[in-house]
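Okay, here's what each chain looks like letter by letter:
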Amino acid sequence: MIEFKRSKYLQKLVSHKHNRLVKIITGVRRCGKSYLLFNLFKQHLLDSGVEPSHIIEIVFDDRRRRDLRNPDACIEYVTSLIKDNQMYYVLLDEVQLMEDFEDALLTFLHIPNLDTYATGSNSRFLSTDVITEFRDRGDEIHIAPLSFSEYANAFPDKPWNDLWEEYYTYGGMPYAALLDSPEEKEDYLKRLFARTYIKDIVERYNIQDKQSMEQLINIAASSVGSPTNPLKLEKTFLSAGKTKLSHVTISQYLEYLQDAFLIEKSIRYDIKGKKYISTPSKYYFVDLGLRNARLNFRQNEENHLMENVIYNELRMRGFSVDVGMIEVKEKQPDGTWQRKQLEIDFVANKGSRRYYIQSAFMLPDEQKQHQEERPLLRVNDSFKKIIVVRDNILLRRDDNGIVTMGLRQFLLDDNSLDL
């Protein structure tokens, strides 16, 4: 039986036990939140010696439990099952179906021997501002679709190249990964995007011009990893002969997509000036299968998709990720000096750690090697500089301290950044 272990997220849940906060599991719909809570975490509790009677499970989209969608009835039901002073665990799924669910969850915090966990999967619960409803009493555990290593570990007999091609084509949505044929995967992902994500966003924000929003999604999907901004996208709409869409509306739509965890925004960072530059930015999809589904699986440029995968991997490892920009002055053949902006694909930060990372699909010659190294060599600090290439190569480090490693090693070794 194929099983996705989700070990990192399980460990997060385990480490947050008994912290007197409501554990709120967020993430894009169908990425495995319920499986993490009701299968993996529940099994952890049982293996830790928790009695089954001390695990209270409520699935609110079960018609047989519709009476518990009333918060007072739910609170009464949970408290009626607490028979002693031992710790109890309440696991709530699709909690947004309960009226005033915030009040009910906060009420559970007043029961000293009750540890509360909740997931939800409509647009309101998925929005990034849900934690504000709980002020300082909510503890968010954000879960992403399968990382490449989680995907690969579930299919140990498949060759690397097959795994990679499947992953950058169909992504890491768990159910899609379990389907057998390409046709089934494509159909599922298309339906999921159209009937779930778009429907949620349209209903949450009462969007009247659904067609324009979908066109914007397609444009964003076509330009993964390319610097852009709402004004530029407004011009793209006009040049493509599409319905006029103002940059203000485009900015709002992009925020909606981010709130639903479908895309993430990476802001430009001036490395020398040590400041953020608000525009242009880059947008990456949290799952490439969903991205490709929007384009009917027609635009699978491996180099751009590889950049998106590296971005997602860094985010999954807990880094904040910016686009690095470094301004240089270079002397021209005519003797004049010209200012240029060089780009570093990723500036990854976590605590006191920082890495400068280039996504280079191929390094076929010295010219391409120099092109990728050039901005890295202009950074005057001691943080590590890495180039990731598509080929499966042995890690090498040059005289300037720049590390070049293969994509396979980067994705499958959790410590690859520190090799």
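Our subject in this report is the structure included herewith. (Residues numbered from 1 in each chain as written. Predicted model: local features only at pLDDT ≥ 70, side-chain atom pairs only at ≥ 80, totals over all residues. Heavy atoms only, no water.)

## Focus: the sheet that holds strand β1 (residues 22-26)
Spatially, β2-β3-β4-β1-β5 is the arrangement adopted by the five strands of the open sheet, whose pairing is parallel. The sheet is open, and its two borders are formed by β2 (55-59) and β5 (138-142), each paired with just one other strand. Each strand axis lies, on average, 20° off the axis of its neighbour in the sheet, ignoring direction. Where β1 lies against β5, five bridges are found, and the strand directions are parallel. Within the sheet, the bridge partner assigned to I24 lies in β5 and is E140. Packing of helix α3 (residues 71-80) onto the sheet brings it into contact with β2, β3 (88-93) and β4 (114-119), and relative to β2 it is tilted by some 155°. (Pairing = 2+ DSSP bridges. Helix = DSSP H or I, 4+ residues; strand = E, 2+ residues; numbered from the N terminus. Axes fitted to C-alpha atoms, helices over the stretch in contact; angles between N-to-C directions. Contact = heavy atoms within 4.5 Å.)

## Describing the pattern of salt bridges
Applying the stated criterion across every chain, the model contains 23 salt bridges. One salt bridge in this structure joins R374 and E330, with 2.4 Å as the shortest N-O distance. Residue R374 is found in helix α15 (residues 366-377), and its partner E330 is found in strand β8 (residues 320-331); the two are separated by 44 residues along the sequence. Its relative accessible area of 14% is what places E330 among the buried residues. (Salt bridge = Lys/Arg side-chain N within 4 Å of Asp/Glu carboxyl O. Buried < 20%, exposed > 50% of the residue type's maximum accessible area, 1.4 Å probe, protein only.)

## A look at the nonpolar core
Counting 94 residues, the largest nonpolar core has W164, M173, L189, L262, L314, I357 and V388 as the members making the most contacts within it. Among the elements that make up this core, the one with the highest residue count is helix α9 (residues 182-205) (eight residues). In this structure, L314 is in contact with F319, V321, F346, A348, I357, F410 and L417, ignoring residues within four places of it in sequence. Among the nonpolar cores identified, the runner-up in size contains 25 residues, and V78, M98, L105 and I111 belong to it. (Core = buried A, V, L, I, M, F, W, Y, C linked by side-chain atoms within 4.5 Å.)

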